[in-house]
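Commentary on secondary and tertiary structure
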Amino acid sequence: MNAHALLASFCLLCAYLQAAEQPNIIFVMADDMGWGQTGYRNHPVLKTPNLDAMAANGLRFERFYAGGPVCSPTRASVLTGRSHERAGVLTHGYALRTQEKTIAQALRGAGYVTGHFGKWHLNGHKGPGVPIFADDPYAPSRFGFDEWVSVSNFYDVDPLMSRAGKFEQMKGDSSEVAVAEAVSFLEKHKAGGKPMFAVVWYGSPHSPFKALAADKAAFSKLNDTSANHYGELAAMDRSIGTLRTKLRELGLAQNTLLVFCSDNGGLPNIAPDTVGGLRGFKGSVFEGGIRVPGIVEWPAVIKPRITNYPACVMDLFPTVVDLLGLPANVLLKPVDGLSLKPLFTQELTSRGQPIGFRYATKRALVDDRYKLLTDNLTAGSFQLYDLQADPNERRDLSTEQPEIAAGMRKQLLAWNASMDASFAGRDYPEGKV
């Protein structure tokens, strides 16, 4: 073996030894960012050099799904690994049930120090974001976060936030404020001997759109609303660059599992298109409402590539359980997600378990190729789409492929019945809410 080959083998061995340690874990999530709103997807006006770099250095998903078509539901799904209605979060402004088990609780039990930074939206508050009181029964601390600098809902430039109940007036772009707090958390605990879990939930590009003047100016050819919207996204991308740079400077990047996604699909009435030509927007169970950008970066383990494997935010908690070898009982059953651990080192051709969506009267079931959906379950009318051949959901195949439609309908109804049982509290030791 020559010197170059020996050195390469040694470096690979070091990487795997490092990855054998508990990785730091960071979940980053945009607020209302559509599937088409990245530079790597060739958006016509928006440049996202930092997300592009993250995607080029990690696992980029072509089919990554939110937990639901609006914000609070997806946040509940991230924390629990379960579809949001199991946890009582029907739509925005519903509180996460305290009987649920969360990833922050599991990781704290495994020796991690945990922090939440940014939008919370799981304490039942509706309306614009406000600071969270220390004694709020649904504060981040109730669900396993040691430290938090948070607001109840969306937040913009110069936000008023809560540091574990103490109100603080922040200055600057909201995304950069959240990342600055997360970086301080990493710096504070780096030498403490504990692995770190940080959640950064942006308020961008949720309305009302308020970009910094310099960020807005880059989109001066657009109308005022769109210019502010894209200005917020430009600042958010810049903050991701700050986070990734700091991870390298702190010597943490190699063994940090960094995940980026959005909480739901893109918004209508924003020019140019937010969803990359997909059908539907936020609030819809068509692809434009639930398919979102998804990137996982972990240099010690993941070699850069693009995957067509269908994944979702419900997969994140089961993945971490699998990676760390945590006991199965840290997850409340039933779980709707699957571990993505095998996907990190090899391409998979089949998910093996469909992804279900339930929002108001809408239902959808997504498998490796097909998608069944309905706008009203009680009406009994279903549509079937081949997402491989028709990702924009233009041709309903329910009458052309009746056997596939019937099989998926049976699966969807069984899943929906289990959701009813969960919503009624049957999953809890008490058997009720």
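Residues numbered from 1 in each chain as written. Predicted model: local features only at pLDDT ≥ 70, side-chain atom pairs only at ≥ 80, totals over all residues. Heavy atoms only, no water.

Some thoughts on the sheet that holds strand β14 (residues 370-374)
Hydrogen bonding along the main chain pairs the strands of a sheet, whether they run parallel or antiparallel. How we decide: If DSSP finds at least two bridges between two strands, the strands pair. Each helix corresponds to a stretch of at least 4 residues labelled H or I by DSSP, and each strand to a stretch of at least 2 residues labelled E; elements are numbered beginning at the N terminus. Note on method: axes are straight lines fitted to C-alpha atoms, helices fitted across the in-contact stretch only, with angles between N-to-C directions ranging 0 to 180 degrees. Contacts: residue pairs with any heavy atoms within 4.5 Å of one another.
Judged by pairing direction, the sheet is antiparallel, and its four strands sit side by side in the order β12-β13-β14-β15 without closing on themselves. The outermost strands of the open sheet, each flanked by one partner alone, are β12 (355-359) and β15 (383-386). With direction set aside, neighbouring strand axes in the sheet form an average angle of 15 degrees. Pairing analysis gives four bridges linking β14 to β15, with the strands arranged antiparallel. Along β15, the bridge assignment pairs Lys371 with Tyr385. Each of β12, β13 (362-366), β14 and β15 is contacted by helix α11 (residues 402-423), which is oriented at about 60 degrees to β14, the strand it contacts most.

Digging into the environment of Phe281
Stated precisely, the cut-off is as follows: Under the scheme applied here, a residue whose accessible area is under 20% of the maximum for its type counts as buried, over 50% as exposed, and between as partly exposed, the area being computed with a 1.4 Å probe on protein chains only.
Turning to its location among the elements, Phe281 is positioned in the loop between β8 (256-262) and α8 (287-290). By relative accessible area, Phe281 is classed as partly exposed at 31%. The spatial distance from the C-alpha of Phe281 to the C-alpha of Gly34 is 8.1 Å, given a sequence separation of 247 residues. If we ignore the near neighbours within four places in the chain, the residues touching Phe281 are Gly266, Leu267, Pro268, Asp273, Thr274, Val275, Gly288 and Gly289.

What about the pattern of salt bridges?
Convention followed: Salt bridge, as applied in this entry: a Lys or Arg side-chain nitrogen positioned within 4 Å of an Asp or Glu carboxyl oxygen.
As enumerated under the stated definition, the model contains 27 salt bridges in all. Here Arg75 makes a salt bridge to Asp263, at a shortest N to O gap of 2.7 Å. Residue Arg75 is located in helix α3 (residues 71-80), and its partner Asp263 is located in the loop between β8 and α8; the two are separated by 188 residues in the primary sequence. What makes Arg75 buried here is its relative accessible area of 0%. Classification of Asp263 as buried rests on a relative accessible area of 0%.

Brief notes about the nonpolar core
As a reminder of what qualifies: Residues belong to one nonpolar core when they are buried, are Ala, Val, Leu, Ile, Met, Phe, Trp, Tyr or Cys, and are joined through side-chain atoms within 4.5 Å.
Among the nonpolar cores identified, the biggest contains 66 residues, and Phe27, Phe197 and Phe344 are the most heavily contacted of them. With five residues, helix α9 (residues 316-324) is the single largest residue contributor to this core. Ignoring anything within four residues of it in the chain, the contact list for Phe27 reads Val78, Ile103, Phe197, Ala198, Val199, Val200, Val259, Leu316 and Val320. Formed by 44 residues, the second largest nonpolar core is a distinct cluster that contains Leu51, Phe117, Tyr202 and Ala227.

Here we look at the packing of helix α2 (residues 49-56) against helix α7 (residues 224-249)
Short version of the rule: Angle categories are assigned with fixed cut-offs, so that under 35 degrees is roughly parallel, over 145 is roughly antiparallel, 65 to 115 is roughly perpendicular, and the rest are oblique. Amino acids outside the nonpolar list (Ala, Val, Leu, Ile, Met, Phe, Trp, Tyr, Cys, Pro) and the charged list (Asp, Glu, Lys, Arg) are all regarded as polar, and Gly is one of them.
Across the interface, α2 lies against α7 with an axial gap of 7 Å and an inter-helix angle of 50 degrees. Judged on the interaxial angle alone, α7 and α2 are oblique. Here Pro49, Asn50, Leu51, Ala53 and Met54 of α2 come into contact with α7, specifically with Met236, Asp237, Arg238, Ile240, Gly241 and Arg244. Along the lines of polarity and charge, the residues of the contact of α2 with α7 split into six nonpolar, two polar and three charged.

Thoughts on the pairing of β12
Taken across its five residues, β12 has five buried, putting it largely inside the fold. Covered by surrounding structure in β12 are Ile355, Phe357 and Tyr359 together with Gly356 and Arg358, the residues of both alternating faces. In this structure, the hairpin formed by β12 and β13 is closed by a connection of two residues, where Ala360 is found at a positive phi of approximately 55 degrees.

Some points on the pairing of strand β7 (residues 196-201)
With six of its six residues buried, β7 lies for the most part within the structure. Burial along β7 is two-sided: the residues Met196, Ala198 and Val200 and Phe197, Val199 and Trp201 are all buried. Here strand β3 (residues 113-119) runs beside β7; their pairing, made up of six bridges, is parallel. Looking across to β7, one finds that Thr114 is bridged to Phe197.

Concerning a nonpolar patch on the surface
Note the threshold: A patch consists of residues whose relative accessible area exceeds 30% and which take part in no salt bridge; residues with like charges are grouped when within 9 Å of each other, and nonpolar side chains (Val, Leu, Ile, Met, Phe, Trp, Tyr) when within 5 Å. Values of accessible area rely on a 1.4 Å probe in the Shrake-Rupley scheme; residue burial ignores everything except the protein chains shown.
The grouping of Phe133, Leu160 and Phe167 at the surface amounts to a nonpolar patch, some 300 Å² of accessible area in total. Along the polypeptide, Phe167 turns up in strand β6 (residues 166-169). Given the relative accessible area of 38%, Phe167 is considered partly exposed.

Regarding α3
Among the 10 residues of α3, 10 are classified as buried, and the element is accordingly described as predominantly covered. All of the buried residues along α3 are Cys71, Ser72, Pro73, Thr74, Arg75, Ala76, Ser77, Val78, Leu79 and Thr80. Residues of α3 that are buried sit in contact with β1 (24-30), α4 (103-109), β3, β7 and α9. Just past α3, the residue Gly81 takes up positive phi, approximately 75 degrees.

A closer look at the state of the cysteines
Basically, it comes down to this: The definition used for a disulfide is geometric: two cysteine sulfur atoms within 2.5 Å.
For the structure on display, the rule yields zero disulfides. With no disulfide of its own, Cys71 has Cys261 as its nearest cysteine by sulfur position, at a separation of 13 Å. Residue classification places Cys71 among the buried residues on the basis of a relative accessible area of 4%. Cys312 takes part in no disulfide bond, and the closest cysteine sulfur to it belongs to Cys261, at a distance of 10 Å. Cys312 sits in the buried class, given a relative accessible area of 0%.

Some thoughts on the packing of helix α5 (residues 174-189) against α7
Stated precisely, the cut-off is as follows: Handedness of a helix crossing follows the sense of rotation of the near helix relative to the far helix, less than a right angle counterclockwise being left-handed and clockwise being right-handed.
Interaxial distance between α5 and α7 falls to 9 Å at its minimum, and their mutual angle equals 10 degrees. In terms of orientation, α5 lies roughly parallel with respect to α7. Here the hand of the crossing between α5 and α7 comes out right-handed. For the pair α5 and α7, contact is made by Ser175, Glu176, Val179, Val183, Leu186 and Glu187 and by Ala235, Met236, Arg238, Ser239, Thr242, Leu243, Lys246 and Leu247, respectively.

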